[in-house]
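Listed here are the chains, written in short residue letters.
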Amino acid sequence: MTRLSNAFTKPHPALVCFLTAGDGDTAANLDALVEGGADVIELGMPFTDPMADGPAIQQANIRSLGAGTTTADVLRIAAEFRARHAQVPLVLMGYANPMIRRGPDWFASAAKDAGVDGVICVDIPPEEDDALGPALRAAGIAPIRLATPTTDDRRLPAVVEGSQGFLYYVAVAGITGMQQAAIESIEANVTRIKRATAIPVAVGFGVRTPEQAGEIARVADGVVVGSALVELVAEHGTDAPAHLRELTAGLAKAVHSAAKGAA
Amino acid sequence: MGIAMTDSTPNSFRNQPDERGHFGDYGGRFVAETLMPLVLDLEREYRAAQTDPEFQREFDDLLEHYVGRPSPLYFAERLTEALGGAQVWFKRDELNHTGAHKINNCIGQILLAIRMGKTRIIAETGAGQHGVATATVCARFGLPCVVYMGAEDVRRQSPNVFRMKLLGAEVVPVTSGRGTLKDAMNEGLRDWVANVHDTFYIIGTAAGPHPYPELVRDFQSVIGKEARQQMQDRIGRLPDLLVAAIGGGSNALGLFHPFLDDPDVKMLGVEAAGHGLDGDEHAASLLGGFPGVLHGNRTYLLQDEDGQITEGHSISAGLDYPGIGPEHAWLKDMERVEYTAITDEEALEAFQLLCRTEGIIPALEPSHAIAAVAKRAKDMPKDSVILANLCGRGDKDIFTVAERLGVNI
């Protein structure tokens, strides 16, 4: 068992919480997510061109890079988090170019040393897996793939193949932080994906409130929340931890009390 | 003039990309999963179109009667005299409908969009030439058109913004980043990912995820195919040197590709050196960048040591992009094409030189190519022949040039 798989073998669905590294006091903000009840931490690597992200996370990327955040800073934030929270799974999420700049092996090894459990790379589909996937697997880091409403049954096997940790189902064909998908569509797609793989399926994109999270948790193994948390960092700055803790606690309560497979 | 089928001859420079859309180490399909099924559909549809005589016929017919092809091949006699070396010839793609080479590609892509049943068109634009060309074909085929354009480019290319609006397009100014071409492309990709069901993205250069670099090159190759035949007809031989400006690289590939397997034809791609390659204020991805992944393909990029993309600079909005089509990255590594760079100042001088010697106001993009021609021609024998692509006319740039020359118009 790994830290990541442990998060999905609890008796309740997992809450996955996203923040952009280097946007505000990331250490204090991440601690607040853990205290609020997050089961998995997703740490965003800032990038100049976050083309799959909506305005909230775009702004977080700009704030972080504007504050001078480097790849070394992101890895240091991860390593310090790992030192404070030995058991909480930590996933890096970002775009290909910062991850492969010094070579995929360098990145996989540095991420492993920083205590990272998984990597989500938005713009490396299965067709380009060799750009990063083999290096991650060799280092013992889970490459977490994304499936979307447009991932038809013809390509689903390729998406699932080589995917580890969990599969991230992107509930809307669109960018982060915008509209929420209908629960019927989410349920049908999660069911379809789970027929193709044994690994857990977490659902994200457009999930903002405990009510939405609780509803999704009834049909999935995990729920991912990002933009709503990132907006609290933007709004409250150094006072963000208290607000993050409060929203995360509400999300965790809703997600954790949803019985798996109740729908 | 048909669309190129990939040449299967071994050791050919014309047999790229491979079946995964890779040009050697470059190219590929680095897009979000949401777009992958669409990109695969586009490839299937393009393969079908390549072998469909009706598609070819419609493409050729529109190029002839709507765009005005073939474009002339012109011997620039007075420029040649002024330079005192090689004969300089121009492929006059600035005489196309809409004033640049961009329309060749837009005709091909909108025919593909219609084949695929798409009902909404989006595009990004830098100088506005691709935006105008896209708005034009959308008006011609009655499809709604949204053009993403960096806010800074909207300011410096206001005549083209007005043209697009006249043609019925919605122009969306993009304020993220520095408000230039790369930011417009990010916004185009965000729109596409949210509207995959009905929207076709007409990419303006030979970059982006496979099959875009290949199909844009093929649609633009009409330039080189015509030029090759015209050179044979006019002087009975091929040119010694081809020269073209490079932003994303589509006009250069369009000219170069049909000549790639002619070993005696040398080729020179001209990047924008902005204020100079020794600083950060340039847009020369090949000469001043490193390989990386952006906007769907692996290619040379302007970036820092952490892989953050740095903003290009050029006096020419059409060259101000931190990436380059992946086929150019491959041709550079293969040393089949030589690449150089021209500064803003040199391009401005060349712009004025062509105005005064030939009575042609060129766009700032081909002014870079003309500046490189001026440097090379002097050192070449008088019986040698340079063919440069005059890929756009300069009407859109007169305000920028006036500002730089200190003239208030």
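Everything below is about the structure shown above.
Let me sum up the structure you'll find in this document. Just so it is clear, the structure is predicted and the values come from calculations on it, not from any experiment.

1. Notes on the environment of B:Phe75
All names here are of chain B. With respect to the helices and strands, Phe75 occurs in strand β3 (residues 73-75). Take Phe75: there are 13 C-beta atoms within 10 Å of it, and that puts it in the partly exposed class. The spatial distance from the C-alpha of Phe75 to the C-alpha of Thr175 is 43 Å, given a sequence separation of 100 residues. For Phe75, the contacting residues outside a window of four places in its chain are Gln87 and Trp89.

2. Remarks on helix α1 (residues 36-50) of chain B
Residues and elements named next belong to chain B. Counted at 1.5 Å a residue, the expected span for α1 with its 15 residues is 21 Å, and the 21 Å between its end C-alpha atoms agrees. When we look at burial in α1, the residues that qualify are Met36, Leu38, Val39, Leu42, Tyr46 and Ala49. Taken down its axis, α1 places every buried residue within 160° of arc, on the same side. Those residues of α1 that are exposed and aimed more than 90 degrees away from the buried face are Arg44, Arg47 and Ala48. On its buried face, α1 sits against β2 (26-30), α2 (53-67), α4 (102-115) and α9 (212-220).

3. Some details on the environment of A:Val74
Residues and elements named next belong to chain A. With respect to the helices, strands and loops of the structure, Val74 is situated in helix α4 (residues 71-84). Spatially, the C-alpha atoms of Val74 and Thr9 are 28 Å apart, while their sequence positions differ by 65 residues. The residues touching Val74, leaving out its near neighbours within four places in the chain, are Ala21, Gly22, Met45 and Thr69.

4. Structural notes on the sheet that holds strand β10 (residues 266-274) of chain B
All names here are of chain B. Taken in spatial order, the 6 strands of this open sheet run β3-β4-β14-β9-β10-β13, and their pairing is mixed. Of all strands in the sheet, those with a lone pairing partner are β3 and β13 (338-343), marking the two edges. Ignoring which end each strand starts from, the neighbouring axes of this sheet average 25° apart. Two strands pair when backbone bridges link them, and β10 and β13 are joined in this way by 6 bridges, in the parallel orientation. The residue of β13 that forms the bridge with Gly269 is Tyr339. Against the sheet, helix α14 (residues 344-358) engages β10 and β13, with an angle of about 85° to β13.

5. Focus on the interface of chain A and chain B
Taken together, the 32 residues of chain A in the interface contact 28 residues of chain B. Secondary-structure elements contributing two or more residues to the side of chain A that touches chain B are α3 (55-66), α5 (96-100) and β6 (146-147) of chain A. With 4 residues, α5(A) is the largest single contributor of residues to the side of chain A that touches chain B. The residue inventory of the side of chain A that touches chain B, partitioned by class, reads 16 nonpolar, 9 polar and 7 charged.

6. Some thoughts on the sheet that holds strand β8 (residues 199-201) of chain B
All names here are of chain B. Across the sheet, 4 strands lie side by side as β7-β6-β5-β8; this open sheet has parallel pairing. The outermost strands of the open sheet, each flanked by one partner alone, are β7 (170-174) and β8. Adjacent strand axes in the sheet meet at a mean angle of 25° when their direction is disregarded. The strands touched by helix α8 (residues 181-194) are β5 (120-125), β6 (145-150), β7 and β8; relative to β5, the strand with the most contacts, the crossing angle is about 160°.

7. Some points on the pairing of β5(B)
All names here are of chain B. The buried fraction of β5 is high, at 5 of 6 residues. Alignment of β5 against β8, held across 3 bridges, turns out to be parallel. Looking at the pairing, Ile121 lines up with Phe200 of β8. For the handedness criterion, the β-α-β arrangement of β5, helix α5 (residues 129-141) and β6 is classed as right-handed.

8. A closer look at the packing of α4(B) against α5(B)
Residues and elements named next belong to chain B. Between α4 and α5, the least distance of the axes is 9 Å, while the angle of their chain directions is 45°. As the angle between them shows, α4 and α5 are arranged oblique. Once α4 is placed against α5, the crossing between them reads as right-handed. On the side of α4, the interface is formed by Lys102, Ile103, Cys106, Ile107, Ile110 and Ile114, while α5 contributes Gln129, His130, Ala133, Thr134, Thr136, Val137 and Phe141.

9. Observations regarding the pairing of strand β8 (residues 201-204) of chain A
Residues and elements named next belong to chain A. Residues Val201 and Val203 of β8 are buried on one face, and the alternating residues Ala202 and Gly204, pointing to the opposite face, are buried as well. Here 4 bridges tie strand β7 (residues 167-170) to β8, and the two strands are oriented parallel to one another. Bridged to Tyr169 within β8 is Val203. Handedness of the crossover is the feature at issue here: the chain leaves β7, passes through helix α9 (residues 183-196), returns alongside β8, and the resulting connection is right-handed. As defined by bridge partners, β8 adjoins strand β9 (residues 222-225) across 2 bridges and the pair is classed as parallel. By the bridge assignment, Val203 is partnered in β9 with Val223.

Calculation notes
Residues numbered from 1 in each chain as written. Chains lettered and ligands numbered in written order. Predicted model: local features only at pLDDT ≥ 70, side-chain atom pairs only at ≥ 80, totals over all residues. Helix = DSSP H or I, 4+ residues; strand = E, 2+ residues; numbered from the N terminus. Buried ≥ 20, exposed ≤ 12 C-beta atoms within 10 Å, placed from the backbone. Contact = placed C-beta atoms within 7 Å. Expected span 1.5 Å × (residues − 1). Arc of directions from axis to C-beta. Pairing = 2+ DSSP bridges. Axes fitted to C-alpha atoms, helices over the stretch in contact; angles between N-to-C directions. Nonpolar A, V, L, I, M, F, W, Y, C, P; charged D, E, K, R; others polar. Right-handed = clockwise from strand over helix to strand, strands pointing away. Parallel < 35°, antiparallel > 145°, perpendicular 65-115°, else oblique. Left-handed = near helix turned anticlockwise from the far one by under 90°.

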